[in-house]
Amino acid sequence: MQGIVARFAGILFNTGAGQHILKNPLVVNSIIDKAALRRTDVVLEVGPGTGNLTVKMLEKVKKVIACEIDPRLVGELQKRVQGTCLANKLEIKVGDILKTDLPFFDACVANLPYQISSPFVFKLLLHRPFFRCAILMFQREFALRLVAKPGSKLYCRLSINTQLLARVDHLMKVGKNNFRPPPKVESSVVRIEPKNPPPPINFQEWDGLVRIAFVRKNKTLSAAFKSSAVEQLLDHNYRIHCSLHNTEIPENFKIAEKIQTVLKDTGYSEKRARSMDIDDFIRGITNALVIQGKVPSCFSFRELRQIATWLQFRRHPFFIDTA
């Protein structure tokens, strides 16, 4: 990625690649304090840069696995710990974190390249085994979207998907001048703690639902589902579902009528995604299943108990993954 190249202390930083090194030791120490690291912890760090955060963590934990895509910065980090007692506690992985299988770790602490924020968050939250927490630096607006509540201007698909899988807390603001070179945007530190056990749903199916609803989050669900592209997708999925389950489709079947009937019967036609929380979406789908008489055959007693606890849903014929 092209970007401004800035030189500090003999090192060229490519801001287009998100290379903004956190230089303020007070902010570094505050991030580590908020992570509540333990002596026995294995910590994952993404984008260690020159190692300001890395070295401080190495003093407190069992091991740091630092993932860096830039070989020049890998060399700087290696030189920084070479010949010290910290060297044996550092493992460096060179490459693109989004194309790499994540190792086992207890906590993730990172000043992320901001352009990978969204894909990395979901890679992290879908990772198994579970980790304890992640303390991550993001662009301020992205951080505020993560914690946004229904009705907020910033509330979006990112908000509800993240909050489905994790508890998210905004910890502190970090100004531009705490970095070298300074970014053009303000930053924030966020704590992400995955829900363990996770909600008993298929995340890809859930995301298929909220993706449709949030394309036009200010419109009613009735309007959102009237899109021709949405109707074609759901008609395709529904027919595959019926074929797999030997269900006959009436000759005069129209997916548009089916969708609007379900929305009307569940009382969701006039609801808008901008003001719906996780439970609202789950209740709507659960009600749709009940209305169509599918709950007794689709859910075991154990699954019904999970729904009662989580207000979650399982598979719905409109949103099955046909890949």
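Residues numbered from 1 in each chain as written. Predicted model: local features only at pLDDT ≥ 70, side-chain atom pairs only at ≥ 80, totals over all residues. Heavy atoms only, no water.

*Asks:* Explanation requested: the environment of Arg191 in the structure shown.
*Replies:* With respect to the secondary-structure elements, Arg191 resides in strand β11 (residues 187-194). Expressed as a C-alpha distance, the spacing of Arg191 and Val109, which sit 82 residues apart in the sequence, is 9.4 Å. When sequence neighbours within four positions are dropped, the list of residues in contact with Arg191 reads Lys34, Cys133, Ala134, Ile135, Arg167, Val168, Asp169 and Leu171. (Helix = DSSP H or I, 4+ residues; strand = E, 2+ residues; numbered from the N terminus. Contact = heavy atoms within 4.5 Å.)

*Asks:* Quick question: what am I supposed to make of the state of the cysteines here?
*Replies:* The term disulfide refers to a covalent linkage connecting the sulfur atoms of a pair of cysteines. Applying the stated criterion across every chain, the model contains zero disulfides. Sulfur of Cys67: no disulfide; nearest cysteine sulfur belongs to Cys108 and is 8.5 Å away. (Disulfide = S-S within 2.5 Å.)

*Asks:* I'm lost on the pattern of salt bridges in this one. Help?
*Replies:* In a structure, side chains of opposite charge can pair up when their charged atoms sit close to one another. For the coordinates displayed, the defined rule picks out twelve salt bridges. The partner of Arg72 in a salt bridge is Asp70, with the nearest N and O atoms 2.8 Å apart. Among the residues examined, Arg72 registers a relative accessible area of 41% and is labelled partly exposed. Judged by its relative accessible area of 10%, Asp70 falls in the buried class. With its nearest N and O atoms 3.0 Å apart, the salt bridge here joins Arg211 to Asp207. Taken together, the residues span about one helical turn, with Arg211 and Asp207 both in helix α7 (residues 203-215) at a distance of four residues. The partly exposed category is assigned to Arg211, whose relative accessible area is 42%. (Salt bridge = Lys/Arg side-chain N within 4 Å of Asp/Glu carboxyl O. Buried < 20%, exposed > 50% of the residue type's maximum accessible area, 1.4 Å probe, protein only.)

*Asks:* What is the right way to look at the nonpolar core in this model?
*Replies:* Residues Leu136, Phe138, Ile192, Trp206, Phe225 and Phe281 are the most contacted members of the largest nonpolar core, which totals 60 residues. Here this core gets seven residues from one element, more than from any other, and that element is α7. Val28, Leu37, Val43 and Met137 belong to the second largest nonpolar core, which has 29 residues in total. (Core = buried A, V, L, I, M, F, W, Y, C linked by side-chain atoms within 4.5 Å.)

*Asks:* Could you clarify how one ought to interpret unusual backbone geometry in this entry?
*Replies:* Negative phi characterises most residues that are not glycine, and trans characterises most peptide bonds. That bond from Arg128 to Pro129 is cis: its omega, 5 degrees, falls within 30 degrees of zero. Backbone torsion omega between Asn196 and Pro197 reads 10 degrees, so that peptide bond is classified as cis. Secondary-structure assignment places Pro197 in the loop between β11 and α7. For Ala36, which is not a glycine, the phi torsion comes out positive at approximately 50 degrees. In this structure, Ala36 sits in the loop between α1 (25-35) and β4 (42-46). Owing to a relative accessible area of 47%, Ala36 belongs among the partly exposed residues under this scheme.

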